[in-house]
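Chain residues, written in single-letter form:
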Amino acid sequence: MKVKRNERGFTLIELLVVMVILGLLAALVGPKLFPKLGKGKQHAAKAQIELLGEALDQFRLDTGRYPTTSEGLDALIHNPGIEGWDGPYLKKNVVPKDPWGRPYQYQSPGTHGDYDLFSYGADGSPGGEGENKDINSWE
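Residues numbered from 1 in each chain as written. Predicted model: local features only at pLDDT ≥ 70, side-chain atom pairs only at ≥ 80, totals over all residues. Heavy atoms only, no water.

A word on the side chain of Ser 108
Mapped onto the elements, Ser 108 comes out in the loop between strand S1 (105–107) and strand S2 (116–119). Here Pro 67 takes part through its backbone oxygen, which lies 3.3 Å from a polar atom of the side chain of Ser 108. Of the polar contacts made by the side chain of Ser 108, one reaches the backbone oxygen of Asp 114; its length is 3.2 Å. Beyond its immediate sequence surroundings of up to four residues, Ser 108 is in contact with Tyr 66, Pro 67, Thr 68, Thr 69, Asp 114 and Tyr 115. (Helix = DSSP H or I, 4+ residues; strand = E, 2+ residues; numbered from the N terminus. Polar contact = N/O pair within 3.5 Å; in protein donor to acceptor, adjacent residues only side chain to side chain. Contact = heavy atoms within 4.5 Å.)

Next up, the structure:
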């Protein structure tokens, strides 16, 4: 019995050519894609700050005031002993962290309104440009 060997695999040269083409495509597309990842985190932080702001407003409607700085955002989940508290005010039983893995900064009373809620951005320090720009509730 003879076995036909008409089926061929790829040669090493063909595989190298395909790998070079894929590398060139990645070099062209990659730089355009990576800046969008940072903007996505900024948009996510803005959305989370909006949702936390809505929870803070509901807290104020129930209790007559916003949580103090010492009570912090944890007052949205656990009653700090305030009459009228009708929480938890967040769907999950945990205060979310910003997209960079750090807790949101909260101050009440704030310097820009009844409360200040903000994230320091990618660098984790005040100020910055681009991905490092602070994201806050008052802008």
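Things to note about a negative patch on the surface
There is a patch of like negative charges on the surface, built from Glu 50, Glu 54, Asp 57 and Asp 114. Note that Glu 54 resides in helix H1 (residues 12–63). (Patch = residues over 30% accessible without salt bridge, like charges linked within 9 Å, V, L, I, M, F, W, Y side chains within 5 Å. Areas by Shrake-Rupley, 256 points an atom, 1.4 Å probe, with all protein chains shown as cover. Salt bridge = Lys/Arg side-chain N within 4 Å of Asp/Glu carboxyl O. Lys, Arg positive; Asp, Glu negative; His and termini not counted. Charge placed at Lys NZ, Arg CZ, Asp CG, Glu CD.)

Quick word on the confidence of the model for the protein chain
Caution is warranted with low-pLDDT regions, since their predicted coordinates should not be read in detail. With 91% of its residues at a pLDDT of 70 or more, the protein chain has an overall mean of 85. Element-level pLDDT for the protein chain is lowest in H1, with a mean of 85, against a maximum mean of 93 in S1. (pLDDT = per-residue confidence, 0-100.)

Brief notes about the sheet that holds S2
Note: strands within a sheet are paired through backbone hydrogen bonds, in either parallel or antiparallel orientation. The sheet built from three strands is open, its strands ordered S1-S2-S3 with antiparallel pairing. On the outer flanks of this sheet lie S1 and strand S3 (135–136), each paired with one strand and no other. (Pairing = 2+ DSSP bridges.)

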